[in-house]
Amino acid sequence: MKLASLSSRITALLVFTTLLILGGGAKLMDWRVDHELEGRFRQNLLTQANALSTMIQLEQDEALDEPPSQHHPDVLGADTPTYYELRCDGMPPLRSTPPPPSTPAGWPGRVAGKPRFSRLQHGHQQLGAVQYAFVFNPTGAGGPAGQPHASGQPPRHCLLLFEQDRTGTNEILLAIDWILLLSPALALIIALVAVPLVVRRGLRPITALVDRMHTIGPHAPGQRLAISGIHELDPLVARFNDVLERMDDGLARERQFASGLAHETRTRLAELRALAEVEARYPSGRSLADILGEIGQIGAELEATVTALLLLTRLQSGLEQAHPQWLPLDSWLERQLQRQQALASSRGLTLRTQGAPPAGLHTDPALLEVVVGNLLGNACAYAPSGDTVNILLRGDGLDIDNAAPELDATDLPHVGRRFWRKQLPHAGHAGLGLALAGAAAEALGLRLEFRLDEGHRLHAMLAWPNETSPRTPPR
């Protein structure tokens, strides 16, 4: 199940982290406390066992000829019941009263000099036991240590089992376990109650940001989010403002496109209607061929606009795919210049070609014709009368420039947009030529850039693809 709320996600992470840290800390602390208390209990058990063995040795050393006495465990002054059993060579077993209620496995057969600790269970009673071996060397009253007794008794090998009730220690360990268990549980309950409140309070800037976003949209262009001053939110605000800026820019272009399309369509249709109504009411006396020719020209311009829009849409959507083939550039460029010669002559323009292109390149001739044809047509249509249109051919591309006195640097970002024109509309030009050239160049993988030099001449710079060759292609 996925948490849909950001506060729920943060709360779950914090609660899980709290539980993990406190639970792990409690587990580690519990292990450490248990280990420490167990070590102290064993040390205390061994100390009491050593004290008992020493006391018994002293008593036996003073009265070797007397029968061994039974010692009550209370002589050690322990707070909990203790039990013992002592087995020495040549002596009857010596036990406490009462004797040990349970003995560990291996007693007394597998007892070594190193103390061996164990836990025993006798009914509901839990016992801690230690067993070890030692040598009882009787010295006699006033005799030097390490010397045999006057009676000639040799040292004796003894085994001692000492047990103590560990109920008190177990109760302490259980109490500590409950404390360490309840502490994380209490912290978890507090976290479940307090963390959502704290998280919601901390997320108030995001809530305020969401409320502010509700008032921003296409109906209110130009609005931006204010910087919140919060380190984590400021990058989000900046990116959202960038999106808003691109959205406003896109909406402006779409409105301009819709306005331009409506204008071009309405203009052509209005021309057709006006021509028909004027000829119907006030006959001009022109021949039917002239009237039909004018109607055909208007229809051809409208068809050219629709065709250009369809091609532009197919190029920008990726539906129009390039079909590369080998294209000789010399003859192909010559045909493109000849097609523009009539328009250039009618406006008194001079087409001047400089440089030499590569022998050919691997590209789609139809799409390349859309690029170069529209660049040349735009230069011939919008250059001032009597100007010179320069076509600079290079091995890596071409540069077409024409005078553009009415353009400035602020107009360059708009060059190539659909239906954008700085000058008055020209017949047959709907402002789609450069947009088509740019879309076709992108489909071919060419780089098309526009630059305005100091003499207010607009340069359209087209870079050829890498698949060019200075040699004549093989037959």
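To be clear, the structure that these remarks concern was listed above.
Residues numbered from 1 in each chain as written. Predicted model: local features only at pLDDT ≥ 70, side-chain atom pairs only at ≥ 80, totals over all residues. Heavy atoms only, no water.

A.B. asks: Just to check I follow, could you spell out the sheet that holds strand E11 (residues 447–452) for this structure?
C.D. replies: Picture the strands of a sheet paired through backbone hydrogen bonds; they go either parallel or antiparallel. Strand order in the open sheet formed by 5 strands is E7-E9-E10-E12-E11, with mixed pairing between adjacent strands. Two strands in the sheet have a free side with no partner beyond their single neighbour: strand E7 (350–355) and E11. With strand direction ignored, the average angle separating the axes of adjacent strands in the sheet is 15°. Two strands pair when backbone bridges link them, and E11 and strand E12 (residues 457–463) are joined in this way by 6 bridges, in the antiparallel orientation. Within E12, the residue paired with Leu448 across the bridge is Leu462. Here helix H6 (residues 329–346) sits on the sheet and contacts E7 and strand E9 (388–394); the angle it forms with E7, its principal contact strand, is near 155°. (Pairing = 2+ DSSP bridges. Helix = DSSP H or I, 4+ residues; strand = E, 2+ residues; numbered from the N terminus. Axes fitted to C-alpha atoms, helices over the stretch in contact; angles between N-to-C directions. Contact = heavy atoms within 4.5 Å.)

A.B. asks: Just checking my understanding: could you explain the pattern of salt bridges for this structure?
C.D. replies: Applying the stated criterion across every chain yields a total of 15 salt bridges. Residue Arg394 pairs with Asp396 through a salt bridge whose shortest N-O separation is 3.0 Å. Overall, the relative accessible area of 30% leaves Arg394 in the partly exposed class. With a relative accessible area of 47%, Asp396 lands in the partly exposed category. One salt-bridge network, held together by shared partners, links Glu38, Arg42, Arg119 and Arg166. (Salt bridge = Lys/Arg side-chain N within 4 Å of Asp/Glu carboxyl O. Buried < 20%, exposed > 50% of the residue type's maximum accessible area, 1.4 Å probe, protein only.)

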